[in-house]
Amino acid sequence: MYLAFMSYPYQITSYSRYREEYARSEQDPEAFWEDIASHFIWRRKWDRVLDWNFHEPHVKWFLGGRLNITENCLDRHLREKGDTPAIIWEPNNPEEFSRELTYRELFDQVNRFCHVLVRNGVKKGDRVCIYMGMTPELAIAVLACARAGAIHSVIFGGFSAQSIADRIQDAGAEYVITSDGAYRGGKDIPLKQVMDDALGGCPGVKRVIVAMRTRTPVSMMKGRDVWWEDEVAAVDAIAPGNFEAVEMDSEDPLFILYTSGSTGKPKGVVHTHGGYMVYTHYTFINVFQYQPGEIHYCTADIGWITGHSYVLYGPLSAGATTLMFEGIPTWPDAGRFWQIIERHRVHILYTAPTAIRSLMSFGTGPFEGRDLSSLRVLGTVGEPINEEAWHWYHQHAGGGRCPVVDTWWQTETGGVMISNLAGVTPQKPAYATLPLPGVHPLLVDESGKEITGNGVSGNLCIRHPWPSMIRTTYGDHERCRQNYFSTYPLLYFTGDGALRDGEGYYRITGRVDDVLNVSGHRIGTAEVENAINMHTGVVESAVVGYPHDIKGQGIYAFVLFSGHHGSDEELTRRDILQTVARVIGPIAKPDKIQFVTGLPKTRSGKIMRRILRKIAEGEREQFGDTTTLLDPGVVGEIASGKI
Ligand code: PRX
């Protein structure tokens, strides 16, 4: 089956149509998704739409279907959109020129890089680790892996050498694509140097392809490291022509993306070609109400799921123009987003509450003289948005006229699950509102009993599979089962708490497990504790979150230290921060460290985090029942301690 794709007949354009589509997806989810999937290019049509059970778990969509996601993101747009920009790239430094790649140019570049990959030994199913800044080469590398049938594993540029090494080893990646360095705000990050440190512990890596960006001096290891530019030149010299996309099974893995859970070790979430393509496309078209010709600007880094789904795959599968920004919102000043929007006449801005709150702290000066009239839709993702930030965003960025979509989803869900559809379904500040068609959320109590009715809260679960749901955690399927499918039998458990108001709208209240959400980045408390405990002199630590005005949540560490602080406790604090930055990366550095002489533990040795959370929130007296503690006296001591 080879269907050309013309428009978006499945775009929901009214509230009543949303209701109808939702009902249809409930009555017959398979017919619903089959209909949408039929609008893509498949080399072979599926034999069966869905096969699943949540025991194992076992979830397969479009079984027997054959395709390559990049044919849907690139090839099918060439005839009608060959000269339309696919990617507009805005550099970190506003003085540098931006770049545009039309669909034809992006197609050519991806094809050339596929030849580079194959020439360097990459085969179908191989894992390729990508560690780059936000440049067009990152997009090209990702798409070329997909086209060549390799599984990409992108690692955010803020992770440390140790974190990279752990991920490379867990994925068994033999190939790495990186660059000499990356620009982020006022900083140059020496990516290749960090990668070299990581590779010291990864003897399995056979080839490292290095793109040039910052001209930071790098050491190139003979026989292992090659320059991107030399490799592309070598391919061009042979002029091998287009690279035929490798035919994949619908369920073949497309990528692995590592994310934090409640245990110490990040998990490799696996997504596949078929279902992920269908779902990211469908949600992109509907949530943002994308119209052909518009410019979509998602500020997320491709190192996170939002970048995968809504900088690259969702928009490109829709033939959209996606804007990629290399820098940060506050450099060279806090008007950078608004300058980009004015400069490129952006229609859709999709960013995180943390960015909004941080820009709020600069006041409205940065908007002065800026023409933001091109904006039509605003979006947020990654963490709960408070009402004040919602209104500020709506009023100042959107001039009061643009709908704000508050999109709730996760690395594991692949695409947006609960959100209003811009201008089509009702919006409500701080509420993600209603589930997308095909998504069946429910709230349960601690015992797993469903909480029905409206005006209730509980733990958020999902009842039925959707096409882009997590398939496994790479190399450890049991972990996937335990993490998501064992807490409440036969349900996917999100790890989030939510409330459903009187009208049935959902508001996500935050994680109910030991995962923090700091500036929209997921960080496991156990991961941070492990890192802190690596510092000599640290006996034990306990990490909790606390409300933070800008980051949403801050990291508060209680540390039992037996070493000598020497002359200065502050120095020990800095050493601990350094240790965390080295082990995980700067994003996981605690905001507060309090040295303690003991931690509140039950007789069975379990740390009572509930009490520590209260202390971190500023409570000094009311801690509830402390009688089960081994040493209740320690609570008062910690509460009166200084940080
Ligand atoms: O707690 C929820 C929060 O972010 C978590 C998922 O993090 P991650 O896998 O890194 O993906 C972030 C981008 C999709 C969720 O479990 N979260 C995400 N979006 C929202 C949110 N919390 C409240 N409102 C949202 N819109």
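Residues numbered from 1 in each chain as written. Predicted model: local features only at pLDDT ≥ 70, side-chain atom pairs only at ≥ 80, totals over all residues. Heavy atoms only, no water.

Okay, the pairing of strand β6 (residues 127-131) next. Of all 5 residues in β6, 5 are buried, a share of seventy percent or more. Covered by surrounding structure in β6 are Arg127, Cys129 and Tyr131 together with Val128 and Ile130, the residues of both alternating faces. Looking at chain direction, β6 and strand β7 (residues 151-154) are connected through 4 bridges and run parallel. Bridge assignment links cysteine 129 to a residue of β7, and that residue is serine 153. Bridge count for β6 against strand β8 (residues 175-179) is 4 bridges, and the pairing is parallel. Paired with valine 128 across the two strands is tyrosine 175, which belongs to β8. (Buried < 20%, exposed > 50% of the residue type's maximum accessible area, 1.4 Å probe, protein only. Helix = DSSP H or I, 4+ residues; strand = E, 2+ residues; numbered from the N terminus. Pairing = 2+ DSSP bridges.)

Along the chain, glutamate 56 connects to proline 57 via a cis peptide bond; the corresponding omega equals -10 degrees. Relative to the helices and strands, proline 57 resides in the loop between β1 (48-53) and β2 (58-63). In this model, tryptophan 331 is joined to proline 332 through a cis peptide bond whose omega is 0 degrees. For proline 332, the position within the fold is in the loop between β17 (321-325) and α12 (336-344).

Here the focus is the pairing of strand β19 (residues 377-381). Buried residues dominate β19, accounting for 5 of its 5 residues. Where burial is concerned, the two faces of β19 agree: the one with Val377, Gly379 and Val381 and the one with Leu378 and Thr380 are both buried. For strand β18 (residues 348-351) and β19, the ladder comprises 4 bridges, and the chain directions are parallel. Its bridge partner being in β19, tyrosine 350 is matched across the sheet by glycine 379. In this region the chain leaves β18, passes through helix α13 (residues 353-360) and returns to the parallel neighbour β19; the handedness of that crossover is right-handed. For the crossover from β19 across helix α14 (residues 387-397) to strand β20 (residues 404-407), the handedness is right-handed. (Right-handed = clockwise from strand over helix to strand, strands pointing away.)

Inspection of every chain in the model, using the stated rule, returns 44 salt bridges. The salt bridge partner of glutamate 247 is arginine 66, with a shortest N-O separation of 2.9 Å. A residue pair is termed long-range when its members are at least 10 positions apart, and glutamate 247 in the loop between α9 (228-238) and β13 (248-249) and arginine 66 in strand β3 (residues 66-67) qualify at 181 residues. Arginine 224 serves as the salt-bridge partner of aspartate 225, at 2.6 Å between the closest nitrogen and oxygen. Judged by its relative accessible area of 9%, aspartate 225 falls in the buried class. (Salt bridge = Lys/Arg side-chain N within 4 Å of Asp/Glu carboxyl O.)

Note: α-helices contain 3.6 residues per turn, so residues at a spacing of three or four share the same orientation. Counted residue by residue, helix α16 (residues 525-533) has 7 buried out of 9 residues, so it is predominantly covered. Residues of α16 that are buried include every one of Thr525, Ala526, Glu527, Val528, Glu529, Ala531 and Ile532, and no others.

The next subject is the site of the ligand. Neighbouring the ligand are 17 residues; Asp406, Thr407, Thr411, Asp496 and Arg511 lie closest to it. In this structure, threonine 411 approaches the ligand through a side-chain N or O atom, which is 2.5 Å from an oxygen atom. Calculation on the ligand without its partners gives an accessible area of 540 Å², and the protein chains cover 96% of this total. Of all elements in the fold, only α11 (305-317), β20 and β25 (506-511) reach the threshold of two or more residues within the shell around the ligand. (Near = heavy atom within 4 Å. Polar contact = N/O pair within 3.5 Å; in protein donor to acceptor, adjacent residues only side chain to side chain. Areas by Shrake-Rupley, 256 points an atom, 1.4 Å probe, with all protein chains shown as cover.)

Domain annotation for the protein chain reports domain 1 (443-513) and domain 2 (527-640). Relative to domain 2, the C-alpha centre of domain 1 lies at a distance of 29 Å. (Domains from an automatic or database assignment.)

Inspection of every chain in the model, using the stated rule, returns 37 aromatic pairs. Relative to tyrosine 492, the ring of tryptophan 466 lies with its centre 5.5 Å away and its plane at 80 degrees, an arrangement referred to as edge-to-face. Of this pair, tryptophan 466 sits in the loop between β23 (456-462) and α15 (477-485) while tyrosine 492 sits in strand β24 (residues 492-500), placing them 26 residues apart in sequence. Here tryptophan 466 matches tyrosine 492 in class, with each residue buried. When the centroid spacing of 5.6 Å and the interplanar angle of 15 degrees are considered together, the rings of tyrosine 484 and tyrosine 492 count as stacked. In terms of burial, tyrosine 484 and tyrosine 492 fall into one category: buried. An aromatic cluster of three or more residues is present, and its members are Trp52, Phe54, Trp466, Tyr484, Phe485 and Tyr492. Above the ring of phenylalanine 159, the side-chain terminus of arginine 167 is found at 4.3 Å from the ring centroid. Of note, lysine 428 hangs over the ring of tyrosine 431, and the distance from its end group to the ring centre comes to 4.4 Å. (Phe/Tyr/Trp six-rings, centres within 6.5 Å; stacked < 30°, edge-to-face > 60°. Lys NZ or Arg CZ within 6 Å of the ring centre and 35° of its normal.)

Take the confidence of the model for the protein chain next. Taken residue by residue, the protein chain gives an average pLDDT of 96. The fraction at 70 or more is 99%. Element-level mean pLDDT values for the protein chain span from 92 in helix α19 (residues 633-639) up to 99 in helix α6 (residues 136-147). Here residues 1-6 is a poorly scored stretch, pLDDT under 50, and it has 17 contacts once near neighbours within four places are set aside; other chains count. (pLDDT = per-residue confidence, 0-100. Contact = heavy atoms within 4.5 Å.)

Taken in spatial order, the 5 strands of this open sheet run β22-β21-β23-β24-β25, and their pairing is antiparallel. Strands with a single pairing partner mark the edges of an open sheet, and in this sheet they are β22 (450-451) and β25. Alignment of β24 against β25, held across 5 bridges, turns out to be antiparallel. Bridge assignment links glycine 497 to a residue of β25, and that residue is glycine 510.

Axis separation between helix α5 (residues 103-119) and α9 bottoms out at 9 Å; the angle between their running directions is 100 degrees. As far as their axial angle goes, α9 and α5 are roughly perpendicular. Residues Arg112, Phe113, His115, Val116 and Arg119 of α5 touch α9, and the partners they reach there are Trp228, Glu231, Val232, Ala234, Val235 and Asp236. Partitioned by chemical class, the residues of the contact of α5 with α9 number 6 nonpolar, 1 polar and 4 charged. (Axes fitted to C-alpha atoms, helices over the stretch in contact; angles between N-to-C directions. Parallel < 35°, antiparallel > 145°, perpendicular 65-115°, else oblique. Nonpolar A, V, L, I, M, F, W, Y, C, P; charged D, E, K, R; others polar.)

Here we come to the side chain of threonine 413. Considering the arrangement of structural elements, one finds threonine 413 in the loop between β20 and β21 (441-444). Accessibility expressed as a relative area gives 0% for threonine 413, which makes it buried.

Along the polypeptide, glutamate 30 turns up in helix α2 (residues 29-37). Note on glutamate 30: relative accessible area 31%, which makes it partly exposed. Taking the C-alpha atoms as reference points, glutamate 30 and aspartate 197, separated by 167 residues in sequence, lie 48 Å from one another. In this view, glutamate 30 contacts Val49 and Leu50; residues no more than four positions away in its chain are not counted.

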